[in-house]
Amino acid sequence: MSKEDQKQARRENRRYVRREADRILVSRMHSVLEASQIMNGTLDLDRLLTVIVDLVTKNLNADRSTLYLLDEEKGEIWSEVLQGEEWLKIRLPLGTGLAGHVAQTGETVKIEDAYGDPRFYKKIDESTGYMTKSVLCMPMRNREGKIIGVFQVLNKKEGLFSHEDEEFLEAMSSHAALAVENAVLYKEALEHQRMEDELARFQKLEAIGRVTAEVAHDFNNILTLISGYDELLLAGLDKNDPHRNQAEAIRKAVDQAITLTRQLLTFSRMQPLKRTDLVLNDVIEDVDNVLEHAIGENITLVTDLEPRLKTVKADPSQIEQVILNLTMNARDAMPDGGKVTIRTANVTLDEDQTLKQPGLEPGPYVMLAVADTGIGMDEETLNHLFEPFFTTKERGDGTGLGLPTIYGIVRQSGGDITVQSKPGKGATFQVYLPLGV
């Protein structure tokens, strides 16, 4: 090849490189515009973060990306990363790891060998089983220039992260920041409204409890009087007296009314409990045979018990009642059969979680969960679930005091109960009890 041909070949090669660079630039500009439209079309933060991360990963030809959001109040960044088939929540203090460093300093970091950089946080790789090599890390700033998050893009599939990659990520970042801020504000507004609703329900149940206690006490006094006169009447009647059956019917009715009164007092937390240190697993194992027999042959009972479960301070007989009632409720929600799962676990609730449960303080708890695969419940039912005499059963099939009784037992034991359910999706009741001494 002559020198002139070589020069021509080099010129053609440069033109090809420029055309290819222009093509990639135009493609990425289209991607940014397309991403902007998608991002502005949703206020669902989880979906938005997924969309942003997918677009970044695809356009930078990377193996994986993460978008950390800044939590100024706690002085940390957070995100979720895939571990197997589950999402693992990651929280890093500012300054920890490359992302934490970028969030703190505001500088963009681009490295070829992650493990050769002392700022790299290896523990995330160790917990997820991933192997990070090359990294592009960039702050996400809002219109005021304030850092609200950090992009971390991992392992370029071909070559290394380029200056053009940085430019694309910066362009994506400005659009993403606005969408993320709007989604965060929307989520906070929804969460604030939900917490207000939860607090209102909590206060409503507390008020109902106080009124119920007063009524139950007065009713109990009347029942005591009726019962006393009935005993005197029975004592004066011969076994063969035709009026004896009527007097015994009165006693039976009084006994039933006393049982209802006790349930009302339990709901209002006025019924005395005999609290002692116990392990929930032991109580579940004690009633396991009863539960198997009671739920019927077309329902499968599964137990998933934490082997090192901590002790709680509660009344064993009342906890038995909680387990039995929740399991029977699950059975009734599955007329065509299904599965009931009883699970125990040691959990620690942080401040964010306890804000959603006004009856609890941050700290360690033992959690008891009873889940079913039944018909589920709508929002209206969930709002009234623990109110006395509220029932979804046919008239005569229930008193509407089962769940209020459970609520009273749990609250009097220093704990709380929550429920998650949707129509057709079953229900999960979670009982949180404070640890014993």
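A brief structural summary. (Residues numbered from 1 in each chain as written. Predicted model: local features only at pLDDT ≥ 70, side-chain atom pairs only at ≥ 80, totals over all residues. Heavy atoms only, no water.)

**A look at the pairing of strand E12 (residues 416–421)**
- With five of its six residues buried, E12 lies for the most part within the structure.
- In this sheet, strand E13 (residues 427–434) lies alongside E12 in antiparallel orientation, the contact comprising six bridges. Within the sheet, the bridge partner assigned to Ser421 lies in E13 and is Ala427.
- What sits between the antiparallel neighbours E12 and E13 is a turn of five residues, in which Gly424 has the positive phi angle 80°. (Buried < 20%, exposed > 50% of the residue type's maximum accessible area, 1.4 Å probe, protein only. Helix = DSSP H or I, 4+ residues; strand = E, 2+ residues; numbered from the N terminus. Pairing = 2+ DSSP bridges.)

**A closer look at the sheet that holds strand E11 (residues 363–372)**
- An order of E8-E10-E11-E13-E12 is seen for the five strands of this open sheet, with the pairing classed as mixed. Here the strands that pair on one side only, and so sit at the sheet edges, are strand E8 (299–304) and E12. Direction aside, neighbouring strands of the sheet carry axes that sit 20° apart on average.
- Relative to strand E10 (residues 338–349), E8 is paired through six bridges, and the arrangement is parallel. Paired with Thr303 across the bridge in E10 is Ile342.
- Those strands touched by helix H8 (residues 316–332) are E8, E10, E11, E12 and E13, and its axis lies near 35° from that of E11. (Axes fitted to C-alpha atoms, helices over the stretch in contact; angles between N-to-C directions. Contact = heavy atoms within 4.5 Å.)

**Topic: the packing of aromatic side chains**
- Using the criterion set out here, one finds one aromatic pair in the structure.
- On the numbers, 5.3 Å between centres and 55° between planes, the contact of Tyr115 with Phe120 is tilted.
- In this structure Phe120 comes out as buried when scored by relative accessible area, which is 9%.
- Of note, Arg64 hangs over the ring of Tyr130, and the distance from its end group to the ring centre comes to 4.0 Å. (Phe/Tyr/Trp six-rings, centres within 6.5 Å; stacked < 30°, edge-to-face > 60°. Lys NZ or Arg CZ within 6 Å of the ring centre and 35° of its normal.)

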